[in-house]
Amino acid sequence: MKAFKSVGLLTICLLLTLILSLGVCMAAEPQYGGTFRWPIVQEPKFLDPPMYAMSSVQQITCNLYSGLLRFNEDMSDVLPDLAESWRQVDPLTYEFKIRKGAHFHNIPPVNGRECTAADVKYSIERTGGMYGKKAEFKQRHYFEGKLTSIETPDKYTVIFKTKDPYPAFIQYLASPMTKIVPKEAVDKFGDLKRKAIGTGPFILKEFVRGSHLTMVKNPNYFKKGLPYLDAIHMKVLPDPTTVMAQFIAGDQDVISLYYWQIPTIKKEVPNVIITKKAGVNSWMLRTPPQVDCDKPLAPPFNDIRVKQAISHAIDKKKLLKLALDNHGDILISHIANFPPYHLGLEDQIEYNPEKSKKLLAQAGYPKGFSVEMLTWNAPYMLKPAQVLIEMLKEVGIKVNLKVLEMAQYFTRAYHFKYDMALHVGSSGIDPEEALVPYYGRDATYYKMCDKEIWDLIDQQNKEVDKKKRTALIHKIQRKLLEDANVTFLYSMNRYVAQQPYVHMKHYYQEYQVLIAEDLWMEKH
């Protein structure tokens, strides 16, 4: 019996060895060469990393620049990038060692010099709004007023000292908007909106507005042996139907996909690989921002009951079905549906049109009122806008839809000139990234005057006890729901279609969607 067991174990071991050997033999080895093609659907206004939180910008800049850190694929952790190592010395002090031999692109005026601790110090200060027009640095809340000092005791060491305990600090260093740039390039060009000189795996060759953007391989990339690709070519293709047609014809290697395109793609490209990602951005219906706290909002939005009536008029379940055929998740608040910071279903605003009508009547609008709603001309905005108009009409609110080009919309939105707006709010890995720029005392993406919320946001900013911080963030969200300046609707699933010969990592961070340093293709 013992001999039988031994023979059996031996047989199993041999089989496992054979299977593993076959697996190794069958595993494809990365190949060098080729031009990777991924279209740009929303052409970016400019390429300066901390100035524009738009996924199509970071789709490009994450390949031109490096940060100290970056996020891993499922957003659960941060990884070293330019940083070789880091440690938290005490509650207020972080020490980073940066890689030796990481060089900027060989482009004047930088000419391929080595990236040093001084570049890290300058870039973090710049992201925090210390240089240039402060208003242009939309992510300056990451570091503005948060740091006591940035010391560079030697060429490869950076020591950050925060004013208070800062639980979001590491997340912000890993943000796709926190990239390391050379000072002399900013000094020469004024900014990096149309120029790019980083330490990333690719070098910007040309950006022809309305046509295409091309990046070529950085031969001196600090990660030896990478990248595999010769180049990345991004054609500007705003029409989703054209994008899909080019993918089917084999003229694009990877595309972002709308859910309604999936059946056609699967039929026309049998071996296509489709990846689904949970959305972290929030569709929301905004009422007018209050820019000046000394100037109350104009009627009817100066009455909280009107804003609460709007929230109760929206059937989110029906909206998600009609607008997205359920390819998304219903939101309760701005914080994306990731634990532990998002609220539970018990906090969801009740769909109750009768209550909505009652609130409008109490506010002096028994027959409702007329208002203009602003949005932009993309299918993923127009369809929900039409559904919302019908829902609001049911309670007496007549909505005139104003549709703009995307760039025009955001220009007007950031000047806070609208009555109502169907908007998509960005979010991040840390919940603060949704709270501070939208609802904080120095918010840049939206404006509201609520000192209680401002103070709570400031408190959570310094709270390192996760349980206590979670409680504060829940309290903030409940107050936002009560104020009803914004009705939070849903997040939309994202889909990526790739040709079967493409080998790539998928990043769930919406603003770090493509890092092509280790992307390779069997066919090129």
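Residues numbered from 1 in each chain as written. Predicted model: local features only at pLDDT ≥ 70, side-chain atom pairs only at ≥ 80, totals over all residues. Heavy atoms only, no water.

**Some words on the overall build of the chain**
Step number 1: Assigned secondary structure in the chain consists of 15 helices and 21 strands.
Step number 2: Relative to the globule expectation of 24 Å for 524 residues, the C-alpha radius of gyration of the chain, 25 Å, shows essentially globular dimensions.
Step number 3: Principal-axis analysis of the C-alpha atoms places the extent of the chain at approximately 80 × 60 × 60 Å.
Step number 4: Across the chain, every contact between residues at least 6 apart in sequence was considered, and the portion connecting residues at least 24 apart equals 69%.
Step number 5: When the accessible area of the chain is evaluated, it comes to approximately 22800 Å², of which 55% is carbon and sulfur surface.
Step number 6: Where the 68 positive side-chain charges of the chain centre and where its 58 negative ones centre are 1 Å apart. (Helix = DSSP H or I, 4+ residues; strand = E, 2+ residues; numbered from the N terminus. Rg over C-alpha atoms; globule rule 2.2 N^0.38 Å. Contact = heavy atoms within 4.5 Å. Areas by Shrake-Rupley, 256 points an atom, 1.4 Å probe, with all protein chains shown as cover. Lys, Arg positive; Asp, Glu negative; His and termini not counted. Charge placed at Lys NZ, Arg CZ, Asp CG, Glu CD.)

**Quick notes on the nonpolar core**
As a rule of thumb, nonpolar side chains are buried together in soluble globular proteins.
Step number 1: Within the largest apolar cluster, 90 residues are counted, with the highest numbers of intra-cluster contacts made by Met373, Leu392 and Tyr439.
Step number 2: When residues of this core are assigned to their parent elements, the largest contribution, 8 residues, is made by helix 11 (residues 379-394).
Step number 3: Counting 70 residues, the second largest nonpolar core, distinct from the first, contains Leu147, Val158, Leu213 and Tyr221. (Core = buried A, V, L, I, M, F, W, Y, C linked by side-chain atoms within 4.5 Å. Buried < 20%, exposed > 50% of the residue type's maximum accessible area, 1.4 Å probe, protein only.)

**Side note on unusual backbone geometry**
Excluding glycine, residues mostly have negative phi values, and the peptide bonds linking residues are mostly trans.
Step number 1: The step from Pro108 to Pro109 runs through a cis peptide bond, and the omega angle for that step is 5°.
Step number 2: Within the secondary structure layout, Pro109 lies in the loop between strand 5 (93-98) and helix 3 (117-127).
Step number 3: Of the consecutive residues Leu226 and Pro227, the connecting peptide bond is found in the cis state with omega at 0°.
Step number 4: With respect to the helices and strands, the residue Pro227 is situated in the loop between strand 9 (212-217) and strand 10 (231-235).
Step number 5: Not every positive phi belongs to a glycine, and Asp325 is a case in point at roughly 50°.
Step number 6: Looking at the element boundaries, Asp325 is found in the loop between helix 9 (316-324) and strand 14 (328-330).

**Overview of the pairing of strand 17 (residues 420-425)**
Step number 1: The element strand 17 is extensively covered by neighbouring structure, given that 6 of its 6 residues are classed as buried.
Step number 2: Both faces of strand 17 are covered, namely the face carrying Met420, Leu422 and Val424 and the face carrying Ala421, His423 and Gly425.
Step number 3: Judged from the 2 bridges that link them, strand 15 (residues 369-376) and strand 17 form a sheet pairing that is parallel. In the sheet register, Met373 faces strand 17, and the bridge partner there is Met420. (Pairing = 2+ DSSP bridges.)

**So, the side chain of Ser311**
Step number 1: Mapped onto the elements of the fold, Ser311 is located in helix 8 (residues 304-313).
Step number 2: A distance of 2.8 Å separates the side chain of Ser311 from the side chain of Thr487, its partner in a polar contact.
Step number 3: Ignoring anything within four residues of it in the chain, the contact list for Ser311 reads Ile349, Ala484 and Thr487. (Polar contact = N/O pair within 3.5 Å; in protein donor to acceptor, adjacent residues only side chain to side chain.)

**Topic: the environment of Gln386**
Step number 1: Inspection of the secondary structure puts Gln386 in helix 11.
Step number 2: Given a relative accessible area of 43%, Gln386 falls into the partly exposed group.
Step number 3: Residues Gln386 and Val399, 13 residues apart in the sequence, show an inter-C-alpha distance of 9.6 Å.

**Considering the pattern of salt bridges**
Step number 1: One pass over the structure, following the stated rule, counts 28 salt bridges.
Step number 2: Residues Arg441 and Asp455 are paired through a salt bridge, measuring 2.7 Å at the closest nitrogen-oxygen approach. Of this pair, Arg441 sits in the loop between helix 13 (432-439) and helix 14 (451-462) while Asp455 sits in helix 14; the two residues are 14 residues apart in sequence, bridging distant segments of the chain.
Step number 3: Residue Arg441 is classed as partly exposed on the basis of its relative accessible area of 35%.
Step number 4: Residue class for Asp455 comes out partly exposed when judged on its relative accessible area of 25%.
Step number 5: Between Asp458 and Arg441 there is a salt bridge, with its nearest N and O atoms 2.8 Å apart. Placement of Asp458 in helix 14 and of Arg441 in the loop between helix 13 and helix 14 is noted, with a sequence separation of 17 residues between them.
Step number 6: Among the ionic contacts, a cluster of salt bridges with common partners joins Arg70, Asp81, Lys223 and Glu517. (Salt bridge = Lys/Arg side-chain N within 4 Å of Asp/Glu carboxyl O.)

**Structural notes on the packing of aromatic side chains**
Step number 1: For the structure shown, the criterion picks out 29 aromatic pairs.
Step number 2: On the numbers, 5.8 Å between centres and 85° between planes, the contact of Tyr142 with Phe143 is edge-to-face. This pair shows no difference in class: Tyr142 is buried, exactly as Phe143 is.
Step number 3: Where Trp376 meets Tyr409, the ring centres are 4.9 Å apart and the plane angle is 50°; that geometry is what we call tilted. Remark: Tyr409 occurs in helix 12 (residues 406-414) and Trp376 occurs in strand 15; sequence separation between them is 33 residues.
Step number 4: Sitting above the plane of the Phe46 ring, Lys193 keeps its charged end 5.1 Å from the centroid. (Phe/Tyr/Trp six-rings, centres within 6.5 Å; stacked < 30°, edge-to-face > 60°. Lys NZ or Arg CZ within 6 Å of the ring centre and 35° of its normal.)

**Notes on helix 9**
Step number 1: Every buried residue belonging to helix 9 is among Lys316, Leu319, Leu320, Ala323 and Leu324, and all of these are buried. End-on, the buried residues of helix 9 take up no more than an arc of 100°, which puts them together on one face.
Step number 2: Looking at the residues trailing helix 9, positive phi occurs at Asp325, about 50°. (Arc of directions from axis to C-beta.)

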